[in-house]
Amino acid sequence: MQMAVNILLVIDALIMIVFVLLQSGKSAGLSGAISGGAEQLFGKQKAKGLDLFLHRGTVVTGTLFFLLAFLSAYVI
């Protein structure tokens, strides 16, 4: 059981890394962070298409990663 959870944890981590690396950047570098970063952070811009899929996939794999890590450390 412990081996299966650890394998699932590694697979989930790799998928989460792919999701994070495929997401587009939200600002235009350092100048965007200083001048207009707050507008994008608190604005009402919704992700669409592939960005929405990647965002939701990152949230799901992050939650699954937390649950598997908890299961691996405390339950088993």
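Residues numbered from 1 in each chain as written. Predicted model: local features only at pLDDT ≥ 70, side-chain atom pairs only at ≥ 80, totals over all residues. Heavy atoms only, no water.

S.K.: I tried to follow the packing of helix α1 (residues 2-22) against helix α4 (residues 50-75) on my own but got confused; where do I start?
M.R.: Helix packing geometry: the angle between the two helix axes and the distance between the axes. The interhelical angle for the contact between α1 and α4, taken along N-to-C directions, is 155 degrees, at an axis separation of 9 Å. One way to sum up the angle between α1 and α4 is to call them roughly antiparallel. Crossing of α1 over α4 shows left-handed handedness. Between α1 and α4, the residues in contact are Gln2, Val5, Asn6, Leu8, Leu9, Asp12, Ala13, Ile15, Met16, Phe19, Val20 and Leu22 and Phe53, Leu54, Gly57, Thr58, Thr61, Gly62, Leu64, Phe65, Leu68, Ala69, Leu71 and Ser72, respectively. (Axes fitted to C-alpha atoms, helices over the stretch in contact; angles between N-to-C directions. Helix = DSSP H or I, 4+ residues; strand = E, 2+ residues; numbered from the N terminus. Parallel < 35°, antiparallel > 145°, perpendicular 65-115°, else oblique. Left-handed = near helix turned anticlockwise from the far one by under 90°. Contact = heavy atoms within 4.5 Å.)

S.K.: Would you mind showing me how to read the environment of Gln23 here?
M.R.: Tracing the sequence through the fold places Gln23 in the loop between α1 and α2 (30-35). We classify Gln23 as partly exposed; its relative accessible area is 27%. The sequence separation of Gln23 and His55 amounts to 32 residues, and the corresponding C-alpha distance is 7.6 Å. Leave out the neighbours within four places in its chain, and Gln23 touches Leu54, His55 and Thr58. (Buried < 20%, exposed > 50% of the residue type's maximum accessible area, 1.4 Å probe, protein only.)

S.K.: Looking at this structure, how should I read the environment of Asp51?
M.R.: Within the secondary structure, Asp51 is located in helix α4. Asp51 gets classed as partly exposed once you look at its relative accessible area, which sits at 30%. Counting along the chain gives 29 residues from Asp51 to Leu22, while the straight-line C-alpha distance between them is 8.7 Å.

S.K.: When you look at α1 in this model, what are you seeing that I'm missing?
M.R.: Structural remark: α-helix, 3.6 residues per turn; residues separated by three or four positions point the same way. For α1, spanning 21 residues, the distance from its first C-alpha to its last is 31 Å, which sits close to the expected 30 Å at 1.5 Å a residue. The complete set of buried residues in α1 reads Val5, Leu9, Asp12, Met16 and Phe19. Along the long axis of α1, the arc covered by the buried residues comes to 90 degrees, so they all point the same way. Of the exposed residues in α1, those oriented more than 90 degrees away from the buried face are Met3, Leu14, Leu21 and Leu22. Where α1 is buried, its residues touch α4. (Expected span 1.5 Å × (residues − 1). Arc of directions from axis to C-beta.)

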